[in-house]
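# Notes for the structure review
As a plain string of letters, each chain reads:
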Amino acid sequence: MPIQVAPSILAADFANLQSEVELLNKSQADYIHVDIMDGVFVPNISFGIPVTEAIYRHAKKPLDVHLMITNPDLYLEAFRNAGASVISIHLEACSHLNRSIQAIKSLGAKAGVTLNPHTSVALLEDSIELLDVVCLMSVNPGFGGQKFIENTYSKISRLKDLILSKNAKTLIEVDGGVNLENAPRLKEVGADILVAGSFVFNSVDPIQTIADLKAI
Ligand code: DX5
Ligand code: ZN
């Protein structure tokens, strides 16, 4: 299966959000990755539900909403109504992961769980079969433009082993510091979806950069 690419709108020009979304519509992007930060779970604030709705109004690609927030259960329905196709919550923010996953699915969205760099994939041993996506953070969440953490490669391999051992259909997403240098190896060890923010939006030709990532 070709790699899927999810450009992160966090790196876009927020003063020209409509044209940035339209640019992604014209590209080979598979999703638009939407980073929600609450200033509590992560030390930064991005944007919330009304902006997600505004993105959705112009988007021709499904929204992959990454909730970097505490108490995600309180906002699942709001983000689903705002247009999320995939909703990813952080394992570290959930006391009742199974309940949260069921809640996302009952809203008709795909369910994702994201792990911080220090969180072991072994913690998903009893929930992997329920998950459509597991997103591995390859930077500490909160900011775009950070350096890729090399340990991610072995983490992907361990996650892939877990998925295969349970005969699950879960996709592996990697988020943070992704570029054309690390993308081929990420794909090789088992990544299915690559999130890329600054590498796409800071490039001279974002549409071509997305095509280059798709072509690895
Ligand atoms: C980080 C976000 C990422 C980020 C990726 O907290 O979850 O999605 O926007 O940006 P780059 O690709 O610049 O690391
Ligand atoms: Zn993200």
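Definitions and limits used
Residues numbered from 1 in each chain as written. Chains lettered and ligands numbered in written order. Predicted model: local features only at pLDDT ≥ 70, side-chain atom pairs only at ≥ 80, totals over all residues. Near = placed C-beta within 6 Å. Nonpolar A, V, L, I, M, F, W, Y, C, P; charged D, E, K, R; others polar. UniProt positions renumbered as here; feature names shortened; annotations may be inferred. Helix = DSSP H or I, 4+ residues; strand = E, 2+ residues; numbered from the N terminus. Contact = placed C-beta atoms within 7 Å. Core = buried A, V, L, I, M, F, W, Y, C linked by C-beta atoms within 7 Å. Buried ≥ 20, exposed ≤ 12 C-beta atoms within 10 Å, placed from the backbone.

Lining the immediate environment of ligand 1, one finds 22 residues, of which Ser8, Pro141, Gly144, Gly197 and Ser198 sit closest. Of the residues belonging to the shell around ligand 1, the class tally is nine nonpolar, 11 polar and two charged.

Attention shifts here to the UniProt feature "binding site: substrate" (unreviewed entry) in the protein chain. Using the residue numbers shown here, the UniProt feature "binding site: substrate" (unreviewed entry) corresponds to Ser8, His66, Gly142, Phe143, Gly144, Gly145, Asp175, Gly176, Gly177, Gly197 and Ser198. Mapped onto the elements of the fold, histidine 66 is located in strand β3 (residues 63-68). Ignoring anything within four residues of it in the chain, the contact list for histidine 66 reads His33, Val34, Asp35, Ile36, Ser88, Thr114, Cys135 and Asp175. With respect to the helices and strands, the residue glycine 197 is situated in the loop between β8 (193-196) and α7 (198-201).

Our next topic: the nonpolar core. Within the largest apolar cluster, 61 residues are counted, with the highest numbers of intra-cluster contacts made by Ile32, Val65, Ile87, Val174 and Leu194. What valine 174 contacts, discounting residues up to four positions off in sequence, is Leu136, Ser138, Thr152, Ile156, Leu186, Ala191, Leu194 and Val195.

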